[in-house]
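Remarks on the overall topology
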Amino acid sequence: MRAPFCSGGALIGAVVLFAGACHPARPSSSVLLSTPPADQLRADITYLAGAPLEGRGTGTPGNDSAASFIARRYSALHLASFPQADRPACAKGGVTGKAECFVFPFVASVAVRNSTPRALKTQNVAALIPGHGPLASEYVIVGAHFDHLGRDSANARDPEKGHVIHPGADDNGSGTIAVLELARRIARHPTSRSVIIANFTGEELGLLGSEQFANHLPVPKEKVQAMVNLDMVGRMKNDKLIVYGVLTATEMKGIVDSANVAPKLNIAAVGDGEGPSDHAAFYRKDLPVLHLFTDLHDDYHTAADVAEKLNIDGIVRVADFTERVVRTLADRPARLTFQRVQTAGANRPSERQGGGAYFGSIPDMAAGDTKGMPLSGVRAGGPADKAGLKAGDIIIKFGDKAITNIYDYTDALGGHKPGDMVDVVALRAGKEVTFKVALTARP
Ligand SMILES: [Zn+2]
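Reference entry: report on the structure contained in this document. For every chain, the first residue of its written sequence is number 1, and the numbers climb from 1 along that sequence. This being a predicted model, a pLDDT of at least 70 is required before a residue's local features are given, and a value of 80 or more before pairs of side-chain atoms are given or counted; all residues contribute to the totals for chains, interfaces and linings. Only hydrogens and water are set aside; all other atoms, that is, all heavy atoms of the structure, feed into the side-chain values.

Looking at the overall build of the chain
By definition, any uninterrupted DSSP run of H or I lasting at least four residues is a helix, any uninterrupted run of E lasting at least two residues is a strand, and each is numbered from the N terminus. In terms of helices and strands, the chain carries 10 helices and 18 strands. For the chain, the proportion of contacts with a sequence separation of at least 24, taken over those separated by at least 6, is 72%. The accessible surface values rely on the Shrake-Rupley method and a 1.4 Å probe; as for residues, cover is taken only from the protein chains in view. Only carbon and sulfur atoms are counted for the fraction: they give 56% of the accessible area of the chain, which is about 17,400 Å². Residues are treated as being in contact if the distance between any of their heavy atoms lies within 4.5 Å.

Looking at the pairing of strand E17 (residues 431-438)
Should DSSP find at least two bridges between two strands, the strands are taken to pair. As paired elements, strand E16 (residues 421-428) and E17 share eight bridges and run antiparallel to each other. Bridge pairing links Leu427 to Glu432 in E17. Adjacent in sequence and paired antiparallel, E16 and E17 are bridged by two residues, among which Ala429 carries a positive phi angle near 55°.

Let's talk about the coordination of the zinc ion
Sites may look incomplete, because water is not among the atoms used; the donor set itself consists of N, O and S atoms within 2.8 Å of the metal (3.2 Å for Na, K and Ca). Listed as protein donors to the zinc ion are His145 (NE2), Asp171 (OD), Asp231 (OD) and Asp231 (OD); their distances from the metal cover 1.9 to 2.7 Å. Irregular is the default label, applied whenever a site is not tetrahedral (four donors, all angles between 85 and 135 degrees) and neither square planar nor octahedral (four or six donors, opposite donors over 155 degrees apart, all other angles between 65 and 115). Its four donor atoms give the zinc ion angles of 49 to 144° at the centre, a pattern that matches the irregular case. For the zinc ion, all donor residues lie on one chain, and their spacing in sequence is H-x25-D-x59-D. Highlighted residues: Asp171 in helix H4 (residues 169-188) and Asp231 in the loop between strand E7 (224-230) and strand E8 (240-244), separated in sequence by 60 residues. The same class applies to Asp171 and to Asp231, which are both buried. Burial classes follow relative accessibility: with a 1.4 Å probe on protein chains only, a residue under 20% of its type's maximum area counts as buried, one over 50% as exposed, and anything between as partly exposed.

A few points about the state of the cysteines
Only a pair of cysteine sulfur atoms within 2.5 Å qualifies as a disulfide here. Counted according to the given criterion, the structure contains one disulfide. A disulfide bridge connects Cys90 with Cys101, and the sulfur atoms are separated by 2.0 Å. Measuring the twist about the S-S bond at about -80°, one finds the Cys90-Cys101 disulfide to be left-handed. A residue pair is termed long-range when its members are at least 10 positions apart, and Cys90 in the loop between helix H3 (61-76) and strand E3 (103-110) and Cys101 in the loop between H3 and E3 qualify at 11 residues. Given the relative accessible area of 1%, Cys90 is considered buried. According to the relative accessible area criterion, Cys101 is buried, its value standing at 0%.

Let's talk about the packing of aromatic side chains
The rule is short: rings of Phe, Tyr and Trp, with Trp giving its six-membered ring, pair when the centres are within 6.5 Å, and they are stacked under 30 degrees, edge-to-face over 60, tilted in between. A full pass over the atoms with the stated rule returns 11 aromatic pairs. Geometrically, the ring pair formed by Phe359 and Phe398 is edge-to-face, given 5.2 Å between the ring centres and 80° between the ring planes. A residue pair is termed long-range when its members are at least 10 positions apart, and Phe359 in the loop between strand E11 (357-358) and strand E12 (361-363) and Phe398 in strand E14 (residues 394-398) qualify at 39 residues. Here Phe398 falls in the buried class, since its relative accessible area comes to 0%. In this structure an aromatic cluster arises from ring pairing among Phe104, Phe200, Phe213 and Phe282. Directly above the ring of Tyr283 sits Arg340, whose terminal nitrogen or CZ lies 4.4 Å from the centroid. Put simply, a charge is over a ring when the Lys NZ or the Arg CZ is close to the ring centre, within 6 Å, and near the line of the ring normal, within 35 degrees.

A few points about the nonpolar core
Tyr74, Val142, Leu230, Leu292, Phe321 and Leu329 are the most contacted members of the largest nonpolar core, which has 65 residues in total. When residues in this core are grouped by element, the largest group, nine residues, is from helix H8 (residues 312-331). When sequence neighbours within four positions are dropped, the list of residues in contact with Leu329 reads Val140, Arg193, Gln225, Ala226, Val228, Met252, Ile255 and Leu336. Residues belong to a common nonpolar core when they are buried Ala, Val, Leu, Ile, Met, Phe, Trp, Tyr or Cys residues joined through side-chain atoms within 4.5 Å. Counting residues in each nonpolar core, the second largest holds 22 residues, with Ala126, Leu128, Phe213 and Val341 among its members.

Focus on the pattern of salt bridges
Within this document, salt bridges are pairs made up of a side-chain nitrogen of Lys or Arg and a carboxyl oxygen of Asp or Glu, the two lying within 4 Å of each other. Across all of its chains, the model carries 23 salt bridges by this definition. A salt bridge links Asp39 to Arg42; the shortest N-O distance between them is 3.8 Å. Separated by three residues within a single helix, Asp39 and Arg42 lie in helix H2 (residues 37-48), roughly one turn from each other. We classify Asp39 as partly exposed; its relative accessible area is 41%. Given a relative accessible area of 42%, Arg42 falls into the partly exposed group. Here Arg428 makes a salt bridge to Asp393, at a shortest N to O gap of 2.7 Å. Taken together, the positions of Arg428 in strand E16 and Asp393 in the loop between helix H9 (383-387) and E14 put the pair 35 residues apart, joining distant regions of the chain. Since its relative accessible area comes to 27%, Arg428 is described here as partly exposed. Residue classification places Asp393 among the buried residues on the basis of a relative accessible area of 1%. Each of Glu181, Arg184, Arg185, Asp320, Glu323 and Arg327 takes part in a single network of salt bridges with overlapping partners.

Considering the packing of H2 against H8
Here H2 crosses H8 at 115°, and the two axes come no closer than 10 Å. Here H2 lies roughly perpendicular to H8, going by the angle between them. In this structure, H2 crosses over H8, and the sense of that crossing is right-handed. Of the residues in H8, those touching H2 at Pro37, Ala38, Leu41, Arg42 and Ile45 are Ile312, Ile315 and Val316. Following the grouping adopted for this structure description, the nonpolar residues are Ala, Val, Leu, Ile, Met, Phe, Trp, Tyr, Cys and Pro, the charged ones are Asp, Glu, Lys and Arg, and the polar ones are all others, Gly among them. Taken together, the residues of the contact of H2 with H8 sort by class into seven nonpolar, no polar and one charged. Each axis is a line fitted through C-alpha atoms, taken for helices only over the stretch in contact, and angles between the N-to-C directions span 0 to 180 degrees. If an angle is under 35 degrees, it is roughly parallel; if it is over 145, roughly antiparallel; if it lies from 65 to 115, roughly perpendicular; otherwise it is oblique. If you view the pair so one helix is near and one far, a crossing is left-handed when the near helix is turned anticlockwise from the far one by less than a right angle, and right-handed when it is turned clockwise.

A short note on the sheet that holds strand E10 (residues 289-293)
Spatial ordering of the open sheet is given by E3-E4-E6-E5-E7-E10-E8-E9, a layout of eight strands whose pairing is mixed. For this open sheet the edge positions go to E3 and strand E9 (266-270), each flanked by a neighbour on one side alone. Neighbour-to-neighbour, the strand axes of the sheet open up by a mean angle of 20°, direction not taken into account. Sheet topology places strand E5 (residues 139-145) next to strand E6 (residues 194-200); seven bridges connect them, and they run parallel. Directly across from Ile141, in E6, lies its bridge partner Ile196. On the sheet, H3 packs against E3, strand E4 (118-129) and E6 and is oriented at approximately 15° with respect to E4.

Here it is as structure tokens:
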């Protein structure tokens, strides 16, 4: 068991979460409901991006404390929790007043280059704002990841600094505090459909928390109207907001446009629902998704991504816009019409190396110790798709290279160039199948 972050904790599974001393004073719900948004956002980010949480790396005490902070907020807002049969205190769900009932512990399996995967005990956090009327048994998911790099320099853009704290104020402290703000607003005026507020861990390690949540939804997938993801919404410049996923339902573009009221945001709409953040885990479940993003900046994934550099008024505007989108999704009578997007959009980082050859795969980043590289999907219209590969296939050979994990695959692809014809061997339902793939240039 890990050393607890602070003393006096309650035990859940193997994780010590609810420490007494080092959390900020728990505001009463009346104070919570009356604090101006900007002040609440500032207070929350000061805590989440503060040094004591050491950059909220998955599997660290700082990440656990961030999870308990979020869970305590949902308790203070009197939100409902989902029934968790494995815990008597939380078995029934509803408004239990118990922060621990909002926590979903799980063991994440992290792929490690040339070694066996690492098991990390961690947790997602989720709460429910029940709807009212005939649509109350349908759901809109609003989410954001709360983990960041911690002291891990491997995924940092300033590795020369060594194991320093990466506060992750924008990535993704900003999305986390915006989601807490949305929970506060919607709890005050609930919508017709119920709203699920979800906070994911493990995003920086490959969407581990959102894949876990999407694979173990607390409600039937068919009842989910859409998922709205906020990842890096803290550095708005020139009123600009990038909105991914506007083509993942035929009605989505109209909903986004109608939510952009005066003072208007400068919205850059992108169709695709795929991408390097948590909405992708839900898009792969054929759910309409949106990802809100105020764009990259020089401090991305460096120790300089600090709270002082956030545009708090910009986050308030993102919350205003998102509230309008979520209310439309949750109150409109009709369900959305999901559509899978055929786009040449940006690809997952794994395809950016070597000869620029493009294969068009979506590696399953939560594959654990499966030998080979399992696919959680293929890019519609890409080389792999055209060759007939699909979700569930496990790539074991690429050209003349044996593939035992994603790193072997990245290296193998890096050795090819656009136009190469490659034999790819995959396991499908336990049988080896060979696919002739015409690699292209990266779109
Ligand atoms: Zn992020």
